[in-house]
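If you want the building blocks of each chain, they are given just below.
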Amino acid sequence: MFLVGSFFLFAAFLITTCIFVIFSKNPVNSVLFLVLAFLNSTFLFILIGAEFVGIILAIVYIGAVAILFLFVVMMLDIQITTLMFNIKRYIPLALLFAGIILAEIIYLTVFKTSKDNLDTFIISKNNTEQIGDVLYTEYFIDFQLSGIVLLLAMIGAIVLTHVYRPTIKRQNIESQNSTTAEDRVKLVKIKSGEGIKDD
Amino acid sequence: MTSLSLELTIGILKIFSFVVPVLVSVALLVYLERKVLGAVQLRKGPNVVGPFGILQSFADVLKLLTKENLLPSSSNKFLFIFAPMLTLILSLIAWAVIPISSTYVIANINIGILYLFAVSSFGVYGVIIAGWASNSKYPFLGALRSAAQMISYEVSIGFVIITVLICVGSLNLIDIVESQKNMWFAIPLLPMFVIFIISALAETNRLPFDLPEDEATLVAGFFTEYSSISFGLFFLAEYANMILMSSLTVILFLGGWYPPIDIFPLNAIPGIFWFVIKVFLILFVFLWVRATFPRYRYDQLMRLGWKIFLPFTLIWVVITSAFLFYFGLLPN
């Protein structure tokens, strides 16, 4: 009873926050509602007993990804009116993706998984160990491939943003550290009435 | 009483038995900080309110409470008020999983260390929301600095935690402490211990990494616009976070509630005493560092995080796991 009640509570919160992500006037509020949505899905994962997946979701998405979103969105000067004007163009694409995801969910819940299959997952080990058992053995290739995809994304981002401009002044830590007093300061003895010759 | 309401009452009492000591020790920590800084700088420190000035921080809290709480007219009112609350809540909920002794803990969960890591990484939201909701230049710059800094150092903290986890083979905090019964991890993993303390300084925005509240360039950083008790909540949260990170250091590296040597007069003393003493020592290091080192420049901070700590911890994870694997010491 308690579990079912909390499921509906968190699920309702999840859907509400997702709606607010789309319809918030201010992009910063959208990101904050997105954080709430992630938090609620974390709770849902914990409710079904997958606390490892839930907390990893929280660490990765709330603790890192959403902060970077917020970081970028806070610095952008976005005109809300132009965004709302353009939103209708994306509706067909959004519907397409929504349809694909819905079909996936239906396929996975109705056709793929039978009840016997679920029972094999309920064993004495905690789910952290269960994931550890299969991640590097059965799903080794998939795991490595997803790692390579992430690496490609990272390299792509670095290549896109890291443009070398010779006009920009940079700190060169090695040359700073190897500087000695003799490089920067010298002691000049000045005779009275002559001043320093600039050389 | 029914069993449910009895359970609830016990739970609430347990929570209070953690939160009240934490808040009191925050007040004492502020006093200690001013005394230590005073001693380092050959001053007396607070010595007027109460015996030896020990009630100084309580007087400060009362002063903050009686001040007017100002709301900047152009701020986002809800988020402006919400940010300090969030910061304090996050610094207190983490105590739910901290084991003070082998039995004294509110929730002994399987993934305790991940929970702590998650909660400490949420801490940046309070700062970044405060900076943005103030709608003012200095708080905003402070918030940006803070976001970048905390994300950078979380990476190395994550790798340090992974190294410890490889040696333990469990994510449970009590298991982590109990595996240090014979040898504290601070000895075999000394470099990780040092990196963890430095990263904890950066994660709690303490000197020498307190760039989000750098008073020389940013007035007071992200809480420039805050006054009265909303400022007080940030202040409380910062010190509660310091105590939290020190407890985490003690749990991960200094053997939690175990005495230094397992011999008679030492192991007769209750574990809580050892825990508190160790947390106190780490906190003293925090204050000592504050009194000793000048503040880092922002590019130096980023360089230390990404170019020194990240590769070093990454290599150390590989070395540790290779060592354990080669000598067959991996926990099952």
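Residues numbered from 1 in each chain as written. Chains lettered and ligands numbered in written order. Predicted model: local features only at pLDDT ≥ 70, side-chain atom pairs only at ≥ 80, totals over all residues. Heavy atoms only, no water.

Asker: Lay out the overall build of chain A in plain terms, naming residues and giving numbers.
Answerer: The secondary structure content of chain A amounts to ten helices and zero strands. Counting all 199 residues of chain A, 18% fall into the buried class. Accessible surface computed for chain A: about 16,100 Å², of which carbon and sulfur atoms make up 70%. (Helix = DSSP H or I, 4+ residues; strand = E, 2+ residues; numbered from the N terminus. Buried < 20%, exposed > 50% of the residue type's maximum accessible area, 1.4 Å probe, protein only. Areas by Shrake-Rupley, 256 points an atom, 1.4 Å probe, with all protein chains shown as cover.)

Asker: Lay out the interface of chain A and chain B with the relevant residues and their values.
Answerer: Where interface size is given, it is often the accessible area lost as the parts come together that is meant. With 28 residues of chain A in contact, the opposing surface of chain B contributes 25 residues. Carbon and sulfur atoms supply 78% of the area that chain A and chain B bury against each other, a total of about 2,200 Å² over both sides. The three residues of chain A that bury the most area against chain B are Ile59, Ile67 and Met74 of chain A, which together make up 26% of that side's buried surface. Counting across the interface, chain A meets chain B through one salt bridge. Among the salt bridges present, the one from Arg303 of chain B reaches Glu174 of chain A, with a minimum N-O distance of 3.8 Å. Linking chain A with chain B are two residue pairs in polar contact (both at pLDDT 80 or more), by the criterion used here. Elements represented by at least two residues in the side of chain A that touches chain B include exactly α2 (27-47), α3 (51-75) and α9 (173-177) of chain A. Ranked by residue count, the leading element in the side of chain A that touches chain B is α3 of chain A, at 16 residues. (Contact = heavy atoms within 4.5 Å. Buried area = accessible area lost by both parts, 1.4 Å probe. Salt bridge = Lys/Arg side-chain N within 4 Å of Asp/Glu carboxyl O. Polar contact = N/O pair within 3.5 Å; in protein donor to acceptor, adjacent residues only side chain to side chain.)

Asker: Help me get a handle on the confidence of the model for chain A, residues and values and all.
Answerer: Summary statistics for chain A give a mean pLDDT of 82 and a share of 86% for residues scoring 70 or more. The least confident element of chain A, judged by mean pLDDT, is helix α6 (residues 115-119) of chain A at 52; the most confident is helix α8 (residues 140-161) of chain A at 91. (pLDDT = per-residue confidence, 0-100.)

Asker: So what's going on with the environment of Ile15 of chain B? Residues and values would help.
Answerer: With respect to the helices and strands, the residue Ile15 of chain B is situated in helix α1 (residues 3-40). Sequence separation of Ile15 of chain B and Ile93 of chain B is 78 residues, and the distance between their C-alpha atoms is 9.4 Å.

Asker: Go over helix α9 (residues 228-253) of chain B with me, naming the residues and quoting the values.
Answerer: Think of an α-helix as 3.6 residues a turn; residues three or four steps apart then line up on the same face. In this model α9 of chain B runs 38 Å from its N-terminal to its C-terminal C-alpha over 26 residues, within 8% of the 38 Å that 1.5 Å per residue would give. Of all 26 residues that make up α9 of chain B, 21 are buried, and the element is covered over most of its length. (Expected span 1.5 Å × (residues − 1).)

Asker: Requested: an account of the environment of Ala64 of chain A, with residues and values cited.
Answerer: The topology assignment puts Ala64 of chain A in helix α3. Given a relative accessible area of 27%, Ala64 of chain A falls into the partly exposed group. Along the primary structure Ala64 of chain A and Phe20 of chain A are separated by 44 residues, whereas in three dimensions their C-alpha atoms are 21 Å apart. In this structure, Ala64 of chain A is in contact with Ile59 of chain A together with Ile151 of chain B, ignoring residues within four places of it in sequence.

Asker: Kindly report on helix α7 (residues 190-203) of chain B, identifying the contributing residues and their values.
Answerer: All names here are of chain B. Here α7 is 14 residues long and its end C-alpha atoms lie 20 Å apart, about the 20 Å a rise of 1.5 Å per residue gives. Of all 14 residues that make up α7, ten are buried, and the element is covered over most of its length. For α7, the set of buried residues is Met192, Phe193, Ile195, Phe196, Ile197, Ser199, Ala200, Leu201, Ala202 and Glu203. Contacts from the buried residues of α7 go to α4 (112-133), α5 (137-168), α9, α11 (271-292) and α12 (298-326).

Asker: Account for the packing of α7 of chain B against α12 of chain B, naming residues and giving values.
Answerer: Residues and elements named next belong to chain B. The contact between α7 and α12 brings their axes to 11 Å, and the two run at 145°. As α7 packs across α12, the resulting crossing turns out to be left-handed. Each of Pro191, Met192, Ile195, Ile198 and Ser199 in α7 lies in contact with α12, whose residues at this interface are Leu304, Phe309, Phe312, Thr313 and Trp316. Considering only residue class, the contact of α7 with α12 consists of eight nonpolar, two polar and no charged. (Axes fitted to C-alpha atoms, helices over the stretch in contact; angles between N-to-C directions. Left-handed = near helix turned anticlockwise from the far one by under 90°. Nonpolar A, V, L, I, M, F, W, Y, C, P; charged D, E, K, R; others polar.)

Asker: Which residues make up the packing of aromatic side chains, and what values do they have?
Answerer: By the definition in use, this model includes 26 aromatic pairs over all chains. With a centroid separation of 4.8 Å and 15° between ring planes, the pair formed by Phe20 of chain A and Phe33 of chain A is classed as stacked. Note that Phe20 of chain A is positioned in helix α1 (residues 2-23) and Phe33 of chain A in helix α2, a separation of 13 residues in sequence. Taken together, the aromatic side chains of Phe80, Phe222, Phe223, Tyr226, Phe231, Phe234, Phe235 and Tyr239 of chain B make up a single cluster linked through ring pairs. (Phe/Tyr/Trp six-rings, centres within 6.5 Å; stacked < 30°, edge-to-face > 60°.)

Asker: Break down the side chain of Ser199 of chain B for me, with residues and values.
Answerer: Residues and elements named next belong to chain B. Tracing the chain through its elements places Ser199 in helix α7. Classification of Ser199 by relative accessible area gives buried; the value is 0%. At a separation of 3.4 Å, a polar atom in the side chain of Ser199 contacts the side chain of Ser156. Every residue in contact with Ser199, bar those within four places of it in the chain, is listed here: Tyr153, Ser156, Ile157 and Phe309.

Asker: Which residues make up the pattern of salt bridges, and what values do they have?
Answerer: Residues and elements named next belong to chain B. Taken as a whole and assessed by the stated rule, the structure comprises seven salt bridges over all chains. We note a salt bridge from Asp210 to Arg295, for which the minimum N-O separation is 2.6 Å. Pair noted here: Asp210 is in the loop between α7 and α8 (215-218) and Arg295 is in the loop between α11 and α12, with a separation of 85 residues, a long-range link. For Arg295, a relative accessible area of 25% gives the class partly exposed. Of the charged contacts in the structure, one is a salt bridge between Arg297 and Asp299, with a shortest N-O distance of 2.8 Å. A relative accessible area of 36% places Arg297 in the partly exposed class. Linked through salt bridges whose partners overlap, the residues forming this network are Glu33, Arg206, Glu238 and Arg290.

Asker: Break down a nonpolar patch on the surface for me, with residues and values.
Answerer: Residues and elements named next belong to chain B. Where nonpolar side chains cluster on the molecular surface, the patch consists of Ile12, Phe16, Val20, Val24, Leu28, Ile54, Leu55 and Phe58 and spans about 650 Å² of accessible area. A total of five residues in the nonpolar patch trace back to one element, the largest contributor, which is α1. Within the secondary structure, Phe16 sits in helix α1. (Patch = residues over 30% accessible without salt bridge, like charges linked within 9 Å, V, L, I, M, F, W, Y side chains within 5 Å.)

Asker: Outline the nonpolar core, listing residues and values.
Answerer: Residues and elements named next belong to chain B. Ranked by size, the top nonpolar core spans 113 residues in total, and within it Ile113, Tyr125, Ile176, Phe196, Leu252 and Phe253 carry the most contacts. In terms of residue count, the dominant contributor to this core is α4 (16 residues). Look past the residues within four positions of Phe253 in its chain and what remains in contact with it is Val160, Val164, Gln180, Trp184, Phe185, Ala186, Leu189, Met192, Phe193 and Phe196. (Core = buried A, V, L, I, M, F, W, Y, C linked by side-chain atoms within 4.5 Å.)

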